[in-house]
Amino acid sequence: MSEWRKDWRHGPWSPRIVVNAGLVTVLALVPVYAAFAGDPFAMTLFSRILIMAIAALSLNLIMGFGGMVSFGHAACLGIGGYAVGILAKEGIGSGFVQWPVAVVASAIYALVVGALCLRTRGVYFIMITLAFAQMVYYVASGLDRYGGDDGLTIYHRSQFGPFDLNNATLFYYLCFALLLASIYLVWRIVNSRFGLVIQGARSNEPRMRAVGFPTFRYRLVCFVIAGALCGLAGALLANHTNFISPAMMHWTRSGDLIVMAVLGGMHAMFGPLIGAMAFLLLEQGLSHVTDYPDLILGPLLLIVAIYVNGGIDGLLGGPRRG
Amino acid sequence: MAEALLEIDALTKRFGGVMASDAISLALSRGELHALIGPNGAGKTTLIGQLTGEIAPDSGRIRFEARDVTALPVYRRSQIGLARSFQIASLFVEFTALDNVALAVQAHAGHSFRFWRAARCEPELRAPARDALLRVGLAARADVPVTALSHGERRQLEIAMALATRPRLLLLDEPMAGMGPEESARLVETLRQLKGGLTILLVEHDMDAVFALADRISVLVYGRIIASGDPAAIRADAAVREAYLGEQDGVRREGRHEAPHG
Ligand SMILES: Nc1ncnc2c1ncn2[C@@H]1O[C@H](COP(=O)(O)OP(=O)(O)OP(=O)(O)O)[C@@H](O)[C@H]1O
Ligand SMILES: [Mg+2]
């Protein structure tokens, strides 16, 4: 339809589409490069990028499109990871059990937190989401059976019948496929009726109510969807590192996710991926140069946040989708 | 007299020392266009806010279609047919004019737990939205982002959004403030067409429009209704002349409510 096409008015060869397509192509070729260059670390790094991109994407759904700035989103990452780790430790190795549990547990967490904090706004919202995440962090630290502060090694990755997640290439492409599927899913949601309600509530919630929307329930469901998606990222992360620990839901992790989403461009579908990639590559690169990568990373992010409206995606110009 | 659509009974609202609504009682009959006039700070916007549920009254009752709606949340009142326009345009500035109105249509087209289909491609949302824009004379500006609309156009968009919810009672808060003469004339014409089919409470400072349109007029001063009646009676009312109409020449100030920010 014509109205739909207008969202793509920047044409088939706009910088954004070229960059995004290039990005997807490069990511698709990482295992090939790793094999030829004999650089297995590239696989590790880029698997992590893909996983964190899913987490940042889920945060972006509530933060970028819904205006709900959660400072505790890493809790969902951790809950997803702990679901896998705990089940593995208890002898339930099937991914068909572990992953749904990870997703559902994170969703339930998001439901509880959302129900309590979505009636507040601004700083209060941020603080309550942070407080809940801290609570989960300390609970995890206290789980002595599952490693407490030190964390827990996962000896067997999730089992999916004939598919062996220990195969790095297979695992990488699984993450890659899940990321692309998630981006597509979020894109559909954002442009659906539900998505417009979410965006309308970000833009002007009193007006949404005046026009007849019970906004709370829509924002809550959005919060839960984001939590579930982040739980999936958590399950992937636990499999990726073969390890879970409270550190994966430390508040600085939540901060990293916010930075990734803002850095990439909050209203762009590929923004979180671009942000996660830029963030993790920079972090990696800087760690070779200095012992204090944050000293460089911090100001750099500040510059992007202040001067580049729309994050890195904003540099590509043209109207944004979503 | 026709059965009352809206009955306001002793509605009272105090802001600190200010009596914004002082035991207001008023009944609107079905199909009437009732104008509410009064000087700045009289409490007109506060009254509309209480009718839509955005402001909770301290005491008093509001009945809509014989049903007590005093405690009903804002969105429920919209769903049963109460719609308002805002004195200071309240829009979704990231969206186009058509998107704004389509959201209003969507709010009244069943629940919005629909996650897949592109809402901007749904004719059942877009077509009624275009109709509403056409009615207020904004059809040609449908795909323009709100940020690029003029002040007058934003006021028209406000009304299109209210109409798109297919209300039974339309509450218009100074819809003509800040409109050019052509836009005002067009709006008067639109309201004239709506009259009869729809019950309208019109808050307006433009006396020409008020006397041209109103079936009845109520005058609010310091939160209190000091007179209520047909236009001729109001024009002749001594208390009204003194409290309000007399000073009107000096007070008239179209455009005073220009939105402060572009
Ligand atoms: N939220 C509020 N808090 C405190 N005082 C308020 C509030 N809203 C309105 N008032 C006061 O209540 C009185 C009525 O205000 P209201 O906006 O309803 O008047 P109005 O008739 O709409 O005026 P105008 O013609 O300027 O739009 C004013 O004295 C105003 O200062
Ligand atoms: Mg007012």
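Rules of the game
- Residues numbered from 1 in each chain as written.
- Chains lettered and ligands numbered in written order.
- Predicted model: local features only at pLDDT ≥ 70, side-chain atom pairs only at ≥ 80, totals over all residues.
- Heavy atoms only, no water.
- Contact = heavy atoms within 4.5 Å.
- Buried area = accessible area lost by both parts, 1.4 Å probe.
- Salt bridge = Lys/Arg side-chain N within 4 Å of Asp/Glu carboxyl O.
- Polar contact = N/O pair within 3.5 Å; in protein donor to acceptor, adjacent residues only side chain to side chain.
- Helix = DSSP H or I, 4+ residues; strand = E, 2+ residues; numbered from the N terminus.
- Axes fitted to C-alpha atoms, helices over the stretch in contact; angles between N-to-C directions.
- Parallel < 35°, antiparallel > 145°, perpendicular 65-115°, else oblique.
- Left-handed = near helix turned anticlockwise from the far one by under 90°.
- Nonpolar A, V, L, I, M, F, W, Y, C, P; charged D, E, K, R; others polar.
- Donors = N, O, S within 2.8 Å, 3.2 Å for Na, K, Ca; no water.
- Buried < 20%, exposed > 50% of the residue type's maximum accessible area, 1.4 Å probe, protein only.
- Pairing = 2+ DSSP bridges.
- Domains from an automatic or database assignment.

1. Concerning the interface of chain B and chain A
Of the residues lining the interface, 40 residues belong to chain B; the matching set on chain A comes to 33 residues. Both faces considered, chain B and chain A share a buried interface measuring about 3300 Å² in area, 59% of it formed by carbon and sulfur atoms. Area buried by chain B at its contact with chain A is led by B:Phe115, B:Trp116 and B:Arg120, which between them contribute 22% of it. Summed over the shared surface of chain B and chain A, the result is 2 salt bridges. Where chain B meets chain A, there are 22 residue pairs in polar contact (both at pLDDT 80 or more). Of all elements in the fold, only helix 2 (74-79), helix 3 (97-107), helix 4 (123-136) and helix 5 (151-164) of chain B reach the threshold of two or more residues within the side of chain B that touches chain A. No other element matches the 5 residues that helix 3 of chain B contributes to the side of chain B that touches chain A.

2. Points about the pattern of salt bridges
Between side chains of opposite charge, a pair can form when the charged atoms approach closely. Residue and element names in this part refer to chain A. In the structure shown here, the tally under the stated rule is 22 salt bridges over all chains. For Asp256, the salt bridge is made with Arg253, and the minimal N-O distance between the two is 2.5 Å. With Asp256 and Arg253 both in helix 10 (residues 251-264) and 3 residues apart, this pair spans about one turn of that helix.

3. Quick word on the packing of helix 2 (residues 15-37) of chain A against helix 11 (residues 271-289) of chain A
Residues and elements named next belong to chain A. Their axes nearest at 11 Å, the elements helix 2 and helix 11 cross at an angle of 55°. Relative to helix 11, helix 2 is oriented oblique. Our pair here, helix 2 against helix 11, has a crossing hand that is left-handed. Every residue of helix 11 that contacts helix 2 at Asn20, Leu23 and Leu27 is listed here: Leu273, Ile274 and Met277. In terms of residue class, the contact of helix 2 with helix 11 is made up of 5 nonpolar, 1 polar and no charged.

4. Considerations on the coordination of the magnesium ion (ligand 2)
Reference values for angles at a metal are 109.5 degrees in the four-donor tetrahedral case and 90 or 180 degrees in the six-donor octahedral case. Residues and elements named next belong to chain B. Note on the magnesium ion (ligand 2): its protein donors are Thr45 (OG1) and Gln87 (OE1). The metal-donor distances range over 1.9 to 2.1 Å. In this pair, Thr45 is assigned in helix 1 (residues 44-52) and Gln87 in the loop between strand 6 (82-85) and helix 3, connecting sequence segments 42 residues apart. A relative accessible area of 32% places Thr45 in the partly exposed class. Gln87 gets classed as buried once you look at its relative accessible area, which sits at 12%.

5. Looking at the packing of helix 3 of chain B against helix 5 of chain B
All names here are of chain B. Running from N to C, helix 3 and helix 5 point in directions that differ by 25°, and their axes come no closer than 7 Å. Between helix 3 and helix 5, the angle is such that the two are roughly parallel. The crossing of helix 3 and helix 5 is right-handed. Counted together, Ala97, Asn100, Val101, Ala104 and Val105 of helix 3 and Leu157, Ala160, Met161 and Ala164 of helix 5 form the full contact between these two elements.

6. Thoughts on the sheet that holds strand 5 (residues 67-68) of chain B
Residue and element names in this part refer to chain B. An order of 2-1-4-5 is seen for the 4 strands of this open sheet, with the pairing classed as antiparallel. The strands lining the two open edges of the sheet, one partner per strand, are strand 2 (18-29) and strand 5. Across 2 bridges, strand 4 (residues 59-64) lies against strand 5 in antiparallel orientation. Bridge pairing in strand 5 places Phe64 opposite Arg67. Here helix 1 sits on the sheet in contact with strand 1 (4-15), strand 2 and strand 4, set at roughly 120° to strand 1.

7. What about the domain arrangement of chain B?
All names here are of chain B. What the domain assignment lists for chain B is domain 1 (1-88 + 167-262) and domain 2 (89-164). With centres defined by C-alpha atoms, the gap from domain 1 to domain 2 works out at 24 Å. On the side of domain 2, 18 residues touch domain 1, which itself brings 27 residues to the contact. Of the roughly 1700 Å² buried between domain 1 and domain 2, counting both surfaces, carbon and sulfur atoms make up 54%. Of all residues in domain 1, Phe86, Glu183 and Arg186 give up the largest surface area on contact with domain 2, accounting jointly for 22% of the area buried on that side.

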